[in-house]
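Examining the three-dimensional arrangement
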Amino acid sequence: MKRGLKVFVGLASLFVIGLPVFAQPSSRSIETFVMDDFDAASEQNYLHDGKSYSWDWGVNSSRFIAEGFPKQNYFPGAPNSLRQLLKGTDKELNVLGVQVAYNRKGDNWFEVYPVVDDKPFEIPFTGTVSTIDFWVWGANYNYYIELLVRDASGSVRVIPAGNLAFHGWRNVIVNVPSWIQQKSQLRSGPSSLTFVGFRIRSDAEEYVDDFVVFFDQLKYTSNSLSFIYDGYELKDAFADDSESDSGSNSSSDSVEEVEE
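Residues numbered from 1 in each chain as written. Predicted model: local features only at pLDDT ≥ 70, side-chain atom pairs only at ≥ 80, totals over all residues. Heavy atoms only, no water.

**Concerning unusual backbone geometry**
Operational definition: Under the DSSP-based scheme used, a helix requires at least four consecutive residues in state H or I and a strand at least two consecutive residues in state E, with every element numbered from the N terminus. To sort residues, take the accessible area from a 1.4 Å probe on protein chains only and compare it with the maximum for the residue type: under 20% means buried, over 50% means exposed, and anything in between is partly exposed.
Between F69 and the following residue, P70, the backbone shows a cis peptide bond with an omega angle of 0°. Position of P70 relative to the elements: it lies in the loop between β4 (56-61) and β5 (71-76). Even without glycine at this site, F38 takes up a positive phi of about 60°. Examined against the element boundaries, F38 turns out to sit in the loop between β1 (30-36) and β2 (46-48). One non-glycine residue, D117, lies in the positive phi region at around 55°. As for its placement among the helices and strands, D117 is situated in the loop between β7 (109-116) and β8 (119-120). Residue D117 is classed as exposed on the basis of its relative accessible area, which comes to 69%.

**Some remarks on the nonpolar core**
Our working rule: The term nonpolar core refers to a set of buried residues drawn from Ala, Val, Leu, Ile, Met, Phe, Trp, Tyr and Cys, joined through side-chain atoms within 4.5 Å. Contact definition: two residues touch when any of their heavy atoms are within 4.5 Å.
By size, the foremost hydrophobic cluster in this structure holds 45 residues, and its most contacted members are W57, F110, F134 and F198. Excluding its chain neighbours within four sequence positions, the residues that come into contact with F134 are I145, L147, A161, R170, N171, V172, V174, F198, D216, Q217 and L218.

**A look at the packing of aromatic side chains**
Spelled out, the test is: Stacked, tilted and edge-to-face pairs are distinguished by plane angle, under 30 degrees for stacked and over 60 for edge-to-face with tilted covering the rest, among Phe, Tyr and Trp rings (Trp via its six-membered ring) whose centres lie within 6.5 Å.
This structure, assessed with the given rule, holds 17 aromatic pairs. Ring plane angle 35° and centroid distance 6.2 Å describe the contact between W57 and F198, whose orientation is recorded as tilted. On the criterion of sequence distance, the pair formed by W57 in strand β4 and F198 in strand β14 (residues 194-202) is long-range, its members being 141 residues apart. For the residue pair W57 and F198, the accessibility class agrees, reading buried in each case.

**Remarks on the environment of V59**
Following the sequence through the fold, V59 ends up in strand β4. Taking the C-alpha atoms as reference, V59 lies 7.6 Å from Q72; in sequence the two are 13 residues apart. Each residue touching V59, except ones within four places of it in the same chain, is listed here: P70, Q72, V98, F110, E111, V112 and Y113.

**Looking at the confidence of the model for the protein**
Using the following cut-off: Per-residue confidence from the predictor is reported as pLDDT, which spans 0 to 100.
When pLDDT is averaged along the protein, the result is 83, and 73% of the positions lie at 70 or above. Across residues 246-260, where pLDDT falls below 50, the model places zero contacts with residues more than four positions away in sequence or in other chains.

Structural data, given as structure tokens:
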């Protein structure tokens with residue numbers, strides 16, 4: 001009798017274990033998201049949380065920049081590896097180029113960052129980001145490239161991405177450190193990690209009279225379901241009500257001010 005009971009319990013356990021678990025997103029749902037292919041300005045149509053974003057790129061530089069610089073433009077071209085991936089398509093392949101020159105050696109730097117309506121724009125990441133991946137063209141100068149991201153606490157963090165002392169295209173893959181906060185419990189705070197831009201610094205002894213760099217295919221890998229939970233669509237349920245309430249409050253305030 002006892003033996004029969006053990007067999008029954010064992011079969012029941014196997015049956016329960018074999019049942020699918022509903023409403024439990026995978027903790028390892030890794031996806032690759034392309035932020036920008038640099039083929040054209042303001043045509044990215046990057047999707048995040050149900051919204052589509054597009055932007056151009058701006059350049060900001062340190063104080064000893066030479067007159068007429070920095071310069072930026074889109075140019076025909078692509079790394080050979082990307083050409084093979086897009087072989088057979090009619091897509092026009094371009095890259096973003098930046099040229100700088102400085103009046104003296106030292107700690108010179110410039111930043112390449114997204115802009116919308118001529119104002120800095122930060123690109124939101126989806127999920128928990130593990131790596132950031134981009135192609136960069138080096139002129140074999142001793143310059144260093146960094147990635148700037150804003151964490152969930154609102155602080156800009158710097159992620160070193162290596163040296164540009166090489167010729168031609170190179171695919172750079174940077175791990176996002178685990179100490180960078182990517183999610184906050186504050187409803188009023190940043191909803192996700194954001195991409196602020198690239199920063200490039202010259203070595204103090206390197207030539208600075210003419211430096212060029214090109215960018216292509218900015219993307220990242222992420223656990224896209226890490227922030228998704230059962231009922232996620234309700235998180236902004238009161239957003240419309242809040243806006244209408246604030247609008248009515250502002251109207252009443254203005255009336256009171258006029259009456260006084």
